[in-house]
Structures are given as structure tokens and as C-alpha cells.
Amino acid sequence: MEPNSSGVRRRLDRPLPPPPEALRRGPFRAGTFRSPLHEPRTTVVLGRWLGAAVLVCFLTGLAGHLLQDPPAWLSGVLPARPVDGYRFTQGLHVVSGIAAIPLTGAKLWTVYPRLFEWPPARSVLHALERLGIAVLVAALLLELFTGLLNTLQWYPWPFPFRQTHFWLGWLATGGLLVHLAAKAPLIARNWRRPQASVPGRRAFLASVTAAVGAVTLTTAGQTVPWLRGLDLLAPRRPDIGSQGLPVNRTAAQAGTVTVPADWRLRVDGPQPYTLDLDDLARLPQHDAVLPIACVEGWSASARWTGVRLADLLALAGAPTGTAVRVTSLEADGPYRVMEMPAQYVDDPLTLLALRVNGETLNADHGFPARIIAPNRPGVLQTKWVARIEVVR
Ligand SMILES: Nc1nc2c(c(=O)[nH]1)N[C@H]1C(S)=C(S)[C@@H](COP(=O)(O)O)O[C@H]1N2
Ligand SMILES: [Mo]
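What counts and how
Residues numbered from 1 in each chain as written. Chains lettered and ligands numbered in written order. Predicted model: local features only at pLDDT ≥ 70, side-chain atom pairs only at ≥ 80, totals over all residues. Heavy atoms only, no water. UniProt positions renumbered as here; feature names shortened; annotations may be inferred. Helix = DSSP H or I, 4+ residues; strand = E, 2+ residues; numbered from the N terminus. Buried < 20%, exposed > 50% of the residue type's maximum accessible area, 1.4 Å probe, protein only. Pairing = 2+ DSSP bridges. Domains from an automatic or database assignment. Contact = heavy atoms within 4.5 Å. Buried area = accessible area lost by both parts, 1.4 Å probe. Salt bridge = Lys/Arg side-chain N within 4 Å of Asp/Glu carboxyl O. Polar contact = N/O pair within 3.5 Å; in protein donor to acceptor, adjacent residues only side chain to side chain.

Engineer: Give me the UniProt feature "transmembrane region" (unreviewed entry) in the protein: which residues, what numbers.
Structural biologist: Sequence positions flagged by UniProt for "transmembrane region" (unreviewed entry) are, in local numbering, residues 49-68, 88-110, 131-152, 164-182 and 203-227. The straight-line gap between the two end C-alpha atoms of residues 131-152 is 32 Å; of that span, 95% is helix and 0% is strand. Helix and strand shares over residues 164-182 are 100% and 0% respectively, and the end C-alpha atoms of the span are 26 Å apart.

Shown next as C-alpha cells:
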């Protein structure tokens, strides 16, 4: 195997005939890029920070994806605790993704003269490596761009955001690992601080640090309570919204969420029944302090009051360990129907909430009743609930 594969390597690395010198124009000419900061030590320092940000962003993104859309084998074992689990992973996902933007810009700046290296391809192997880097850079840039625009709830593209963002994440992270392997010798040579410093490197790295600090500190307040005062650039202020809580999609935006005068909650199980609001208010009421943690990156905690979902299912004759499907009054929309695995249903903090922060839910927060459960993405905290049914 060994001699054979290195033989393949040698063949792929055979020098290609160089292109005619006459084509070497513009930035392809030698000496075009004069800054001494286009050098590997600066790239490696930035690469370490960017690598850490990408890794954190990938892992937290994966955790959030699995919590929102688990494969069948996982859905039964996802934990309902800690209650702030998704809030933490999603907050960190958006924070690390935003921090990666200036880091990516700075790192690409240190290496972009390589785009114009001459000859463009020394060998087939060299061409393949450059192609790999092109895929990595494209995937990473598109990933950061779609993620940032998603925090603004702006989708100016024809493809579905979540699936695209998910697969680009694998592509960018996988491409990064291949890139690290290909560059391992160069990285190792520049890992330690060299004796002599390049002029301007310190100032350059200090400005990048300042840029990363600035974008992080002015956006993290959308999810980190003690940074709220600095939350200047984030699309949401978690303390601005009716009833002390932001609204992601108002009743009006959700279309015609008209609550019929004779609204009744329908619970379908072994013994189906319906209840009106007065009936629900007469059942034992419980409090739960739980966050809405939106995939867009903002989160805010609130005190919810209502009936335990487990109590409603017991009334329908469903045993513990039952999963449910919840349907909203909404006419349509991606969050009209939600499925909840049994461990969330059985959790004593999971409520069909009627009140928030001491007031009856208003229309925007899901009147007459909404779901609130621990460690769940905001998109699954269904508002304007019409029906709860047992699923097998
Ligand atoms: N039926 C329904 N429920 C929904 C939504 C929706 O569009 N329709 N939006 C979800 C999203 S994305 C979030 S973040 C939370 C926001 O809850 P809030 O508006 O009360 O803060 O509600 C969720 N529940
Ligand atoms: Mo959301």
C-alpha cells in the first residue's frame, strides 16, 4: 500500500509545464504585494483563533440542529435539562459565528496574494489543493453570510436556509480539517512565537482583536443578560417587547390567527376531551421560569403560568412516556404543527401556558394558550394552540 500510494502522490506532484510568461500580468507580477504581514506566522495566529471559532460554531450548531430536528434514534433520549441548554448552545453559536466574520476577513487578507501565485498550478496535486481551498473559502463565506442574514430574519435567496446552512457547515468544517492536514508542516513551523517580529504585526493583530471584541460585545447582549446595555448592533433587544418579552412573529405576521369565540382546546388520547379557557383556568396552575431561545440568536427568560402538559395527558388517559403532536390555530406556516417527545411532555416544567410575567398572554405571545418547555428551540414553543394529540 505504502509505496503504491506514495507513487501516486509522486505522479500527481510531477511538475506541469509552466504557462507562458506573457500571461503574467497585473497582480500576477512579482512584487505586487508589499505588506510584510502577508506571511505565515500572522496567518497561523489568526488561523488558530478562526479555527477555534469555527469549531465552537460547528459543534453548537450541530447541537442546536439535533435539538430542533432530531433523527428518530435520538429524539427519545434528548434531555429536557438543563432548561437553558438550547439557549446556551444557540447563543454561543451566533456569538462564535459573528466573531468568525472579522477573523475570516483578516485571515483571508493575510493570504490573498497567494490567489495570484505564479505559476497558478505547479502540478496536479498543487491544483487539487488550491481547488480544495476554493471550496473551503466559498463554503465558509456563504455559511457566515447566510447565518448573519438569518439573525436578521432576511432570506434573499431561493434555497431553504436551514438545510443549506447545515450542509455548508459540514462542508466548511470538513474542508477546514483537510486544509489543516495539508498545511500541517507550515502550521507547525510557525506555531511558536518567532525570535524576530515582523513590523506591524502586533498592531495588526491588536486591531483584529478590537474588531472581534467590538462585534461580539455589541451583539452578545441579545442573549447574555449582563451585556444588554451594550447591545447596539444586535437585531433584538431581549427586554423590548410586549409583556416583557420580544415577539418573533406577531399574530398579524402569522396570518389570520383568529381565535374563535367558542375556542376550545382539544386533547386527543385514549379518552379525548375539550376544555374552554375557564375549564383550563380551574385546573391546577403551575409556574415555570423558562426562556424563549430563538434560533435567530436572541433569548429571554420569562415566568410562565399554566397547566402542566403531563396533567392534560393524564386527563386523556395517556400513560407517562407518551409523545404528542401540537397544532396551532395558525392557518399555515412552518411552525403550525410541532411534535414533542415524551421526556419533554413528562417534565413538570412543560406547560400549556395561559399567562406570562403575571398577565394573560396577549395575541402576539400566543393567546389563548401556548406551549413552553425546557431546553427547546423557540420555534418549537408553539403559540395559539388548538389541539394536542397523542402520537405513537
Ligand atoms: N404557531 C406558531 N408558534 C410559534 C411561532 C410561529 O410562527 N407560529 N414562532 C416561534 C418562534 S420562531 C419563536 S422564537 C417563539 C417566540 O415566542 P414569542 O413571540 O412569544 O417571544 O414562538 C414560536 N412559536
Ligand atoms: Mo424563533
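Structure shown, so let's carry the discussion forward.
Engineer: Give me the lowdown on the pairing of strand 10 (residues 385-391), citing residues and values where you can.
Structural biologist: A large share of strand 10 lies buried, amounting to six of its seven residues. Note that strand 1 (residues 265-268) and strand 10 share three bridges and pair parallel. Bridged to Arg 266 within strand 10 is Arg 387. The pairing of strand 5 (residues 323-328) with strand 10 spans six bridges and is antiparallel. The partner of Val 324 across the bridge, within strand 10, is Val 390.

Engineer: Quick rundown of the domain arrangement of the protein? Include the residues and the values.
Structural biologist: By a frequent convention, interface size equals the accessible area lost on bringing the separate parts together. What the domain assignment lists for the protein is domain 1 (7-230) and domain 2 (244-391). Computed over C-alpha atoms only, the centres of domain 1 and domain 2 are separated by 40 Å. Contacts between the two partners involve 24 residues from domain 1 and, on the opposite side, 25 residues from domain 2. Together, the buried faces of domain 1 and domain 2 total about 2,000 Å²; carbon and sulfur atoms form 48% of this surface. Where domain 1 packs against domain 2, one counts one salt bridge. In this structure, Asp 347 engages Arg 81 in a salt bridge whose closest nitrogen and oxygen atoms are separated by 2.8 Å. For the interface between domain 1 and domain 2, the tally reads twelve residue pairs in polar contact (both at pLDDT 80 or more). If you list the elements that add at least two residues to the side of domain 1 that touches domain 2, you get helix 2 (40-68), helix 4 (85-111) and helix 5 (124-151). Ranked by the residues each element gives to the side of domain 1 that touches domain 2, the list is headed by helix 4, at five residues.

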